[in-house]
Amino acid sequence: AYGALLMRDQESVEETAADRPIYKARDVNSKVAVMRLQNDVSEDLSVGALFTEYAQQHHRDRVASFDARYSLDDNWTFQTQLARSELTRLEPSEKTHLAYLDARHQGQAFEYWLKYLDVGAQFADRLAFLPRVDVKQVTQDGKYLWHLAEGNAVQRLGVQVKTEVAHNQENQLQDWMIDTGVFLEARGESWLELIARHGFEKFGDRDYRKQGWEIDAGTSWYKWLTVTAELTTMDSLNYNAPSDAHQ
């Protein structure tokens, strides 16, 4: 399978000067090109390639990537993507990388999800929709379930642990998070989940610890009615506060 998209856009750009907020507005043309190739090699393996380009005057973002998805068996699935980007802002251009790995295990009693993301600091993300750059991030999410007798009001009990840790490209710790929780599922498609959260974040030159909890419950006892409730509290930082407010 293959697909391509070519687009030209025109927008009005406001130029500023030190003594005046806006002194000139002019129309600027932008060009976008996207091309996607994909081949299902077998029922278990598919590979693909993606190319994107965004150009506006002297600015140009280019990304070329390769991706693959492989199902080892009924439980294990692997996905990966490797990309190279070129970011041009006048001269010279900057080239950097992206690497992504996703491994999932889906079983009757045990579920596990591992994600690894490595994105260079100057990755051309205008068309990439990345939540952050300059990061090396590892995320793990594991669940273990106990299936109870079918006649019981409570049908499944489980425990869950989720961890996430991120460094920048210089291997400096940026943040981490640990969620631990328990949950149960009952008749009538009802559920209750309790989660405790602990985390760390570096902001500026200071380190901050965060903690919180979450209660999530719901039921679909009637086919025509679903009721859910969620209560969450978590420490957060005011990123817009003056620097002395974080002291």
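Just above, that's the structure.
Cut-off values and rules
Residues numbered from 1 in each chain as written. Predicted model: local features only at pLDDT ≥ 70, side-chain atom pairs only at ≥ 80, totals over all residues. Heavy atoms only, no water. Helix = DSSP H or I, 4+ residues; strand = E, 2+ residues; numbered from the N terminus. Rg over C-alpha atoms; globule rule 2.2 N^0.38 Å. Contact = heavy atoms within 4.5 Å. Areas by Shrake-Rupley, 256 points an atom, 1.4 Å probe, with all protein chains shown as cover. Lys, Arg positive; Asp, Glu negative; His and termini not counted. Charge placed at Lys NZ, Arg CZ, Asp CG, Glu CD. Buried < 20%, exposed > 50% of the residue type's maximum accessible area, 1.4 Å probe, protein only. Salt bridge = Lys/Arg side-chain N within 4 Å of Asp/Glu carboxyl O. Core = buried A, V, L, I, M, F, W, Y, C linked by side-chain atoms within 4.5 Å.

Remarks on the overall build of the chain
- Helix and strand counts for the chain stand at zero helices and 13 strands.
- Each helix (α) and strand (β) of the chain, taken in turn from the N terminus, gives the series β-β-β-β-β-β-β-β-β-β-β-β-β.
- Relative to a compact globule of 247 residues, whose C-alpha radius of gyration would be 18 Å, the chain shows 24 Å and is clearly more extended.
- In terms of its C-alpha atoms, the chain occupies a principal-axis envelope of roughly 70 × 55 × 45 Å.
- Excluding contacts between residues fewer than 6 apart, the proportion of contacts in the chain whose partners are at least 24 apart in sequence is 40%.
- When the accessible surface of the chain is totalled, it reaches about 16,600 Å², and 53% of it is carbon and sulfur.
- In the chain, which carries 27 positive and 39 negative side-chain charges, the distance between the mean positions of the two groups comes to 4 Å.

A few points about unusual backbone geometry
- In the Ramachandran plot, Asn171 falls in the positive-phi region, its phi being about 60° despite a non-glycine side chain.
- Accessibility expressed as a relative area gives 52% for Asn171, which makes it exposed.
- A positive phi is found at Glu189, a non-glycine position, where the angle reads about 50°.
- Relative to the assigned elements, Glu189 resides in the loop between strand 10 (173–186) and strand 11 (190–203).

As for the pattern of salt bridges
- Applying the stated criterion across every chain, the model contains eleven salt bridges.
- Two residues, Arg62 and Glu53, come together in a salt bridge whose shortest N-O distance is 2.4 Å.
- By relative accessible area, which is 17% here, Glu53 ends up buried.
- Across the salt bridge formed by Asp61 and Arg126, the nearest N and O atoms sit 3.6 Å from each other. Of this pair, Asp61 sits in strand 4 (residues 59–71) while Arg126 is found in the loop between strand 7 (110–119) and strand 8 (135–147), placing the two residues 65 residues apart along the sequence.
- Taking relative accessible area as the criterion, Arg126 reaches 39% and is therefore assigned partly exposed.
- Several salt bridges share partner residues, and in doing so they unite Glu53, Arg60 and Arg62 into one network.

Details of the nonpolar core
- Judged by nonpolar contacts, Val63, Ala83, Leu87, Leu98, Leu117, Val119, Phe123, Ala124, Val135 and Ala166 together constitute the single largest core of ten residues.
- Elements with a contribution of two residues or more to this core: strand 5 (76–89) and strand 7.
- Not counting residues within four places of it along the chain, the set of residues in contact with Val119 comprises His97, Leu98, Leu130, Arg132, Val133, Asp134, Val135 and Gln169.

A few points about the environment of Gly3
- Its location among the elements puts Gly3 in strand 1 (residues 2–15).
- It is 9.1 Å that separates the C-alpha atoms of Gly3 and Gln38, two residues lying 35 residues apart in sequence.
- With near-sequence residues (within four places) excluded, Gly3 lies in contact with Val34, Met35 and Arg36.

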